[in-house]
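If you want the building blocks of each chain, they are given just below.
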Amino acid sequence: MGEPTVTLLLRHGQTPMSVERRYAGRSPKTDVPLTDAGVQQAAAAAKRLASAGIGAIVSSPLQRTVRTAEEVAAVTGVPVVTDDGFRETDFGVWEGLTFAEVRERWPSELTAWLADPEVAPPGGESFAQVSERVTAALHRVLAERERQTVLIVSHVTPIKTLVAAALLAPPAALFRMHLDVAALCEIDWYPDGPAVLRSYNDTAHLQI
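For the structure given in this document, a descriptive report is provided here. (Residues numbered from 1 in each chain as written. Predicted model: local features only at pLDDT ≥ 70, side-chain atom pairs only at ≥ 80, totals over all residues. Heavy atoms only, no water.)

1. Examining the nonpolar core
No. 1: Counting residues in hydrophobic clusters, the biggest one holds 25 residues, and the most contacted among them are Leu9, Phe86, Val150, Leu162, Ile187 and Trp189.
No. 2: Here leucine 162 is in contact with Leu9, Phe86, Val134, Leu138, Ile187 and Trp189, once residues within four sequence places are set aside.
No. 3: Within the second largest apolar cluster, 15 residues are counted, among which are Val6, Ala46, Ala69 and Val78. (Core = buried A, V, L, I, M, F, W, Y, C linked by side-chain atoms within 4.5 Å. Buried < 20%, exposed > 50% of the residue type's maximum accessible area, 1.4 Å probe, protein only. Contact = heavy atoms within 4.5 Å.)

2. So, the sheet that holds strand E2 (residues 56–59)
No. 1: Pairing is mixed across the open sheet formed by six strands, whose spatial order is E3-E2-E4-E1-E5-E6. Only two strands of the sheet have a single partner each, and these edge strands are strand E3 (80–82) and strand E6 (195–202). The mean inter-strand angle of the sheet, taken between neighbouring strand axes irrespective of direction, is 20 degrees.
No. 2: In the packing of helix H2 (residues 36–49) onto the sheet, the strands contacted are strand E1 (5–11), strand E4 (149–154), strand E5 (184–189) and E6, and the crossing angle to E1 comes to about 160 degrees.
No. 3: The strands touched by helix H7 (residues 156–167) within the sheet are E1, E4, E5 and E6, with E5 carrying the most contacts at an inclination of about 40 degrees. (Pairing = 2+ DSSP bridges. Helix = DSSP H or I, 4+ residues; strand = E, 2+ residues; numbered from the N terminus. Axes fitted to C-alpha atoms, helices over the stretch in contact; angles between N-to-C directions.)

3. A short note on the pairing of E2
No. 1: Neither face of E2 is exposed, since Ala56 and Val58 on one face and Ile57 and Ser59 on the opposite face are all buried.
No. 2: Of the pairings in the sheet, the one linking E2 to E4 comprises four bridges and is parallel in character. Its bridge partner lying in E4, isoleucine 57 is registered against leucine 151.
No. 3: The pairing of E2 with E3 spans three bridges and is classified as parallel. If you follow serine 59 over to E3, its bridge partner there is threonine 82.
No. 4: Read as a crossover between parallel neighbours, the route from E2 over helix H3 (residues 63–76) to E3 is right-handed. (Right-handed = clockwise from strand over helix to strand, strands pointing away.)

Encoded structure:
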């Protein structure tokens, strides 16, 4: 019932870490800039979103997301604000490593992490903790931007977390979703409670 708040969820463009499929959370060594291709992807997403009626742009504070958001700001005239709640998972000592490298060095810890959302990587953050802060950030958006269209520029885990929340899916669902760089998703959040996932992993703007 009622008019929803529309969230357009945009994953940042390509980075060297995403090309090599390395864990890249919030540490300084993995907070790297976009590649040239990543900037082009962000610009393509911006062109796609130019006429979407965006009323606010909220970004993770990490440089790859802010740079992506700035491309959209340039074509819409909407300023970028950052919210730490939408940053990527802190992967602790796994930051900068590949899945294979983590499996070789921390096999039991990796198995436990994959099996239980309450388990964190050594020195890092659990998916349960990520869910808590992402949900809090979403509630801020819904309270402050009621019935608007809001672009949230974020990362794989926060976006998947919001999709899982909209679908009432269990935490394990995060491992069964694929999200490309610079992909778009749309979720409508209705004032009486329900949410509707309207699109997921939309990369039509990148098919050039």
